[in-house]
Amino acid sequence: PPSRWRPRRVFMNWAPDSRKFAVDRMDYRGVGRYPLYSSTQTKPRDRSYYYAAAGDSVIPVSDVHIVDVIDKTNIKVDQAPSVTVNASTNPQWSRTSDKLFVMHVARGYKRMQLSAVDARTGKTTLIARDSFPSWVESRTYTRVNGGEDILVLSERDGWNHIYPYASDGKLV
């Protein structure tokens, strides 16, 4: 296919120990191409791109992999693929490179969750979950104290608050 239909460059995040990296693997298989033509020059140009319209049964999704360049291993994070329409999994490493923090968003943006991932096994531990009947404001999280603590913004009671969590998922 023409290069304009190929997915964009993947997001990669190196661990602080420079031994491994996290990669957001995008899956566009079956997603329709949205036609867009530019006629600002003498000849029209096709600028079609992948797009899942409301009601489409196939949408772009991503899953996170941890690649260890020394051991030559590829570990898929143990969670369902996340929709990639307007949100990213935003993988971030802990200071010691033993944990990876990832965000998971459900289609419709009514549910989001933040998990800590064991970098050796790919197993996840839930840190924070947020849901709302109509829409969860898609804010990301912030690592503080070298990834030992996480700040999560949430409007779960109708007002925006900062919730501090330890990296094991306990509310501080």
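Now for a description of the structure that goes with this document. (Residues numbered from 1 in each chain as written. Predicted model: local features only at pLDDT ≥ 70, side-chain atom pairs only at ≥ 80, totals over all residues. Heavy atoms only, no water.)

**Things to note about the overall build of the protein**
A count of helical and extended segments in the protein gives zero helices and 16 strands. For the protein, the proportion of its 172 residues judged to be buried stands at 37%. For the protein, long-range pairs separated by at least 24 residues make up 45% of all intrachain contacts whose partners lie at least 6 apart in sequence. Approximately 10600 Å² of the protein is accessible, and the part contributed by carbon and sulfur atoms is 52%. (Helix = DSSP H or I, 4+ residues; strand = E, 2+ residues; numbered from the N terminus. Buried < 20%, exposed > 50% of the residue type's maximum accessible area, 1.4 Å probe, protein only. Contact = heavy atoms within 4.5 Å. Areas by Shrake-Rupley, 256 points an atom, 1.4 Å probe, with all protein chains shown as cover.)

**Let's talk about unusual backbone geometry**
For Lys72, which is not glycine, the phi dihedral falls at a positive 55°. Along the chain, Lys72 falls in the loop between β7 (61-68) and β8 (73-76). On the accessibility criterion, Lys72 (74% relative accessible area) is exposed. At Ser97, a residue that is not glycine, the phi angle is positive and equals roughly 65°. In this structure, Ser97 sits in the loop between β10 (92-93) and β11 (99-105).

**Quick notes on the side chain of Asn13**
Summarising the element assignment, Asn13 is placed in strand β1 (residues 11-14). Judged by relative accessible area, Asn13 falls into the buried class, the value being 16%. Of note is the side chain of Asn13, whose polar atom sits 2.8 Å from the backbone oxygen of Pro91. (Polar contact = N/O pair within 3.5 Å; in protein donor to acceptor, adjacent residues only side chain to side chain.)

**A look at the sheet that holds strand β15 (residues 149-154)**
Pairing in this open sheet of three strands is antiparallel, and the strands run β14-β15-β16 from one edge to the other. Strand pairing shows two members of the sheet lacking a second neighbour, β14 (141-144) and β16 (161-166), which therefore form its edges. With strand direction ignored, the average angle separating the axes of adjacent strands in the sheet is 25°. Taken together, the six bridges between β15 and β16 define a ladder with antiparallel strand orientation. (Pairing = 2+ DSSP bridges. Axes fitted to C-alpha atoms, helices over the stretch in contact; angles between N-to-C directions.)

**Description of the pairing of β11**
For β11, a buried count of six out of seven residues is recorded, marking the element as mostly surrounded by other parts of the structure. Bridge count between β10 and β11: two bridges; the pairing is antiparallel. Looking at the pairing, Trp93 lines up with Leu100 of β11. Counted along the chain from β10 to the antiparallel partner β11, the turn is five residues long, and its residue Ser97 has a positive phi close to 65°. Where β11 meets strand β12 (residues 111-118), seven bridges bridge the pair, whose relative direction is antiparallel. Looking across to β12, one finds that Val105 is bridged to Met112.

**What about the sheet that holds β10?**
Either a parallel or an antiparallel arrangement is found when strands of a sheet pair, and the pairing is made through backbone hydrogen bonds. Here four strands make up an open sheet; going across it, the order is β10-β11-β12-β13 and the pairing antiparallel. Two strands lie at the open edges of the sheet, namely β10 and β13 (124-131), each paired on one side alone.

**Details of the nonpolar core**
Grouped together as the largest cluster of nonpolar side chains are 17 residues, with contacts concentrated most on Phe101, Leu114, Ile127, Tyr141, Ile150 and Val152. For this core, the secondary-structure elements that each account for two or more residues are β11, β12, β13, β15 and β16. Not counting residues within four places of it along the chain, the set of residues in contact with Tyr141 comprises Asn90, Pro91, Gln92, Phe101, Val102, Met103, Leu114, Ile150, Leu151 and Val152. Core analysis: the next-biggest nonpolar cluster, separate from the first, contains 10 residues, Ala22, Val64, Val77 and Leu100 among them. (Core = buried A, V, L, I, M, F, W, Y, C linked by side-chain atoms within 4.5 Å.)

**Comments concerning the environment of Ser94**
With respect to the helices and strands, Ser94 occurs in the loop between β10 and β11. The residues contacting Ser94, other than those within four sequence positions of it, are Pro16, Lys99, Phe101, Arg143, Gly146 and Gly147. Only 3.0 Å separates the side chain of Ser94 from the side chain of Asp98, close enough to count as a polar contact.

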